[in-house]
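Architecture at a glance
Listed here are the chains, written in short residue letters.
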Amino acid sequence: MISNGKDRLLTANPGTLPDMTDALMDWFQNLVFTTVTKTVVNFKLVETVVANSYQGVVQPFTPEQLQMKPMAQQQWKWSTVHATPDLIMKNDDEFIYLGLEYRVVSKTDYKEYGYVLYEIVETIP
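So, here's what we can say about the structure. (Residues numbered from 1 in each chain as written. Predicted model: local features only at pLDDT ≥ 70, side-chain atom pairs only at ≥ 80, totals over all residues. Heavy atoms only, no water.)

Points about the nonpolar core
- F33, V81, L87, M89, F95, Y118 and I120 are the most contacted members of the largest nonpolar core, which has 14 residues in total.
- It is strand β6 (residues 115–122) that contributes the most residues to this core, three residues altogether.
- By size, the runner-up hydrophobic cluster in this structure holds five residues, among which are L24, F28, V57 and Y115. (Core = buried A, V, L, I, M, F, W, Y, C linked by side-chain atoms within 4.5 Å. Buried < 20%, exposed > 50% of the residue type's maximum accessible area, 1.4 Å probe, protein only. Helix = DSSP H or I, 4+ residues; strand = E, 2+ residues; numbered from the N terminus.)

See below:
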């Protein structure tokens, strides 16, 4: 009997999805992200700063990627982070990388392939 590829989920069989971990680890470098957590204590805003180390790479957006953003947002400094799945951030999280402050705009989960992708934008202090 001939099986049809459309009838099988990509995650159904081991080995169906390519594991990109080895290739990505050759590309990745050590990233130190300092997360900024804001809480309200006794009616005052308290910021807690914690530095964590991850494996990944930060790349600036290409001109083609910037053209996909609304005109007003094209002036912002956008970047993409490819990282190991242990980097867990959510939209609107703030962090510091190489002395610059960034905010997470979106997350795309490629854990099946061995990585996650974040779109980040530099915040204006």
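Describing the pattern of salt bridges
- Enumeration according to the criterion identifies six salt bridges in this entry.
- For the salt bridge of E94 with R103, the shortest nitrogen-to-oxygen distance reads 2.6 Å.
- Accessibility expressed as a relative area gives 16% for E94, which makes it buried.
- Across the pair K111 and D109 runs a salt bridge whose closest N-O atoms are separated by 3.9 Å.
- On the basis of relative accessible area, K111 is assigned to the partly exposed category, the value being 44%.
- Taken together, the shared-partner salt bridges connect K38, E47, D92, E94 and R103 into one network. (Salt bridge = Lys/Arg side-chain N within 4 Å of Asp/Glu carboxyl O.)

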